[in-house]
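Coordinate inspection notes
So you can see what is in the structure, the chains are spelled out below.
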Amino acid sequence: VKSWYSLPVGRLANFTNEKATDVNKSKKGSGINEYVASLFDSKITWEDVKWLKRITKLPIVLKGILTAEDAVIGADLGVAAILVSNHGARQVDTTPASVS
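In short, a report on the structure. For clarity, every value in this text was computed on a predicted model and none was experimentally measured.

What counts, and at which threshold
- Residues numbered from 1 in each chain as written.
- Predicted model: local features only at pLDDT ≥ 70, side-chain atom pairs only at ≥ 80, totals over all residues.
- Heavy atoms only, no water.
- Helix = DSSP H or I, 4+ residues; strand = E, 2+ residues; numbered from the N terminus.
- Buried < 20%, exposed > 50% of the residue type's maximum accessible area, 1.4 Å probe, protein only.
- Areas by Shrake-Rupley, 256 points an atom, 1.4 Å probe, with all protein chains shown as cover.
- Patch = residues over 30% accessible without salt bridge, like charges linked within 9 Å, V, L, I, M, F, W, Y side chains within 5 Å.
- Salt bridge = Lys/Arg side-chain N within 4 Å of Asp/Glu carboxyl O.

1. Some remarks on the overall build of the protein
Scanning the protein from N- to C-terminus turns up 4 helices and 2 strands. Counting from the amino terminus, the protein carries its helices and strands in the arrangement α-α-α-β-α-β. A buried classification covers 23% of the 100 residues belonging to the protein. For the protein, the computed accessible surface area is about 7600 Å², with 59% contributed by carbon and sulfur atoms.

2. Quick notes on a nonpolar patch on the surface
The grouping of Trp 51, Leu 52 and Ile 55 at the surface amounts to a nonpolar patch, some 290 Å² of accessible area in total. Topologically, Leu 52 is positioned in helix 3 (residues 46-55).

3. Here we look at the pattern of salt bridges
Throughout the structure, instances matching the rule amount to 1 salt bridge. Put simply, Glu 47 and Lys 50 hold a salt bridge, and the shortest N to O gap is 3.0 Å. With Glu 47 and Lys 50 both in helix 3 and 3 residues apart, the pair spans about one turn of that helix. Residue Glu 47 is classed as partly exposed on the basis of its relative accessible area, which comes to 47%. Under the relative-accessibility criterion, Lys 50 is labelled partly exposed at 33%.

Here it is in structure tokens:
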């Protein structure tokens, strides 16, 4: 079920520039969903996590892990922590629940 959440008309205080005025415009029903989807790079893989571990001594924390299988992969790669969160899922209503 899609809620078709929409943002209020006008300027959004949390955003700047075009995000303050254009994120509430939608081509398919959910402007915030379209905006958030545009922030993600679908080409990122576990190889990127391996690369990051090679170039830094900082602890790596994965956020947005939604499945037990991905949590195991992250743990096997030696990340410092896994933050289970579907932050924003009220607005991005196609995000699966992380508890499933």
